[in-house]
Amino acid sequence: MQRLLGQGQAWVELNGEVVVYDLQPGNTLRVHPGHVGMYQDTVQFNITTVPGISNALFGTGLFLAALTGPGRVWLQSMTLHNLAHAIWEYLPHTESSGGLVGSLLSGG
Amino acid sequence: MESKIVGTVMPVLEMSMQPNDKVFAESGQLAWMSMAMQMQTSTSAGGQQGGFLGALGRAVAGGTLFMTEYTAVGGPGLLAFAAKLPGQILPLQIAPGQGYMVHRHGFMCATLGVQFSIGFQQRLGAGIFGGTGFRMQRLQGQGQAWVELHGEVVTYDLQPGNTLRVHPGHVGMYQESVQFNITTVPGIQNAFFGGSGLFLASLTGPGRVWLQSMTMQHLAHAIQEYLPKAG
């Protein structure tokens, strides 16, 4: 993450829709790391493992971010990771290029 | 259980769950959740039938082998899923005889009682559509489901026998009463020089179809030239 401290004004960009939660002290939200857009520095951030070995191996992956109040968090709906993952299979890869015929048949 | 769709262009599906409320989704779809939510991942989570072969079918359909069931335990919980591309999230009421076919990146989550499976793998299309094949996801059973369609969504109510021919990527969803076929474009010039490729999906009523303006294929194609060439 990037840290903004000191005195003055700053501008940041969050991607996609932004959903804001005000966390009470001790209140925790577990977030897929790419969706963490921003949080106040009163919020505690930890990387946690998902309980259950099958969740870890076959689910969301091993890690979730745990954000614990007090403080405000801004979550973002779009992550570069998800977008890249979504379109990856449609990009040409050197090992499986279909060539001209492939691109004709695939309909562009 | 209450659901809320937050935002406009890149919406988030936010579920407020009462204790013991459950939904299931493909594994890896989670955006965020409160501490009351518990996850359980397996090939049969969410009450999905078909065992390991059913799971394999889902994987072939563009999904994952594994499903994750989310349960609110010990109190109300909050659970959120995010759209993968700009578009819309639609809630669906599923009942026996009222199932849906959804494009292969469409399924977000559903209540238990909904069956999620591979729709079909068109014989003609298999191995032709860019090596990924042409597949849809099928939602049947009983309950509520949420799907994402990409870009703008255009809806048509097809009368019986009424046919619409659609570039396959634009097929977002249709009621299972609609017949789906892959057709070739008549005229060899259309096929080779028309730019639409050899194949169109033909959708025949009765039933409702939801077409989507954005497809992952088109997006990938559009940004491809800005990416570094690997070798």
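One structure accompanies this document, and this report is about it. Just so it is clear, the structure is predicted and the values come from calculations on it, not from any experiment.

### Quick notes on the packing of aromatic side chains
Residues and elements named next belong to chain B.
Here is step 1: Throughout the structure, instances matching the rule amount to 7 aromatic pairs over all chains.
Here is step 2: Between Tyr70 and Phe81, the ring centres sit 5.7 Å apart and the planes meet at 80°, which makes this aromatic pair edge-to-face. With Tyr70 in strand 6 (residues 67–72) and Phe81 in strand 7 (residues 77–82), this residue pair connects regions lying 11 residues apart in the sequence. For the pair shown, Tyr70 and Phe81 are each scored as buried.
Here is step 3: Here Tyr174 and Phe180 contribute two aromatic rings whose centre-to-centre distance is 5.9 Å and whose plane-to-plane angle is 10°, an arrangement assigned as stacked.

### Considerations on unusual backbone geometry
Here is step 1: Backbone torsion omega between Gly69(A) and Pro70(A) reads 15°, so that peptide bond is classified as cis.
Here is step 2: With an omega dihedral of 15°, the bond running from Gly205(B) to Pro206(B) counts as a cis peptide bond.
Here is step 3: Note that Pro206(B) resides in the loop between strand 18 (199–204) and strand 19 (207–212).

### Points about the sheet that holds strand 3 (residues 36–39) of chain A
Sheet strands pair by backbone hydrogen bonding; their relative direction is either parallel or antiparallel.
All names here are of chain A.
Here is step 1: Spatially, 1-6-3 is the arrangement adopted by the 3 strands of the open sheet, whose pairing is antiparallel. The sheet terminates laterally at strand 1 (18–23) and strand 3, the two strands that pair on one side only. With strand direction ignored, the average angle separating the axes of adjacent strands in the sheet is 20°.
Here is step 2: Where strand 1 meets strand 6 (residues 71–76), 6 bridges bridge the pair, whose relative direction is antiparallel.

The rules behind each value
Here the residue numbering is sequential within each chain, running from 1 through the sequence in written order. As they are written, the chains are lettered A onward and the ligands numbered 1 onward, keeping that order. Owing to the predicted nature of the model, reporting of local features is limited to residues with pLDDT of at least 70; listing and counting of side-chain atom pairs is limited to 80 or more, with chain, interface and lining totals taken over all residues. Computation of side-chain values: all heavy atoms of the structure, hydrogens and water removed. Here a pair means two rings of Phe, Tyr or Trp (six-membered ring of Trp) with centres within 6.5 Å. Their orientation is stacked below 30 degrees between planes, edge-to-face above 60, and tilted elsewhere. Every helix listed is a DSSP run of H or I at least four residues long, and every strand listed is a run of E at least two residues long, numbered separately from the N terminus. Only protein chains enter the calculation, and the probe is 1.4 Å; a residue is then buried if its accessible area is under 20% of its type maximum, exposed if over 50%, and partly exposed in between. Should DSSP find at least two bridges between two strands, the strands are regarded as paired. In this analysis, axes come from line fits to C-alpha atoms, helices being fitted only over the stretch in contact, and the angle between any two N-to-C directions falls in the range 0 to 180 degrees.

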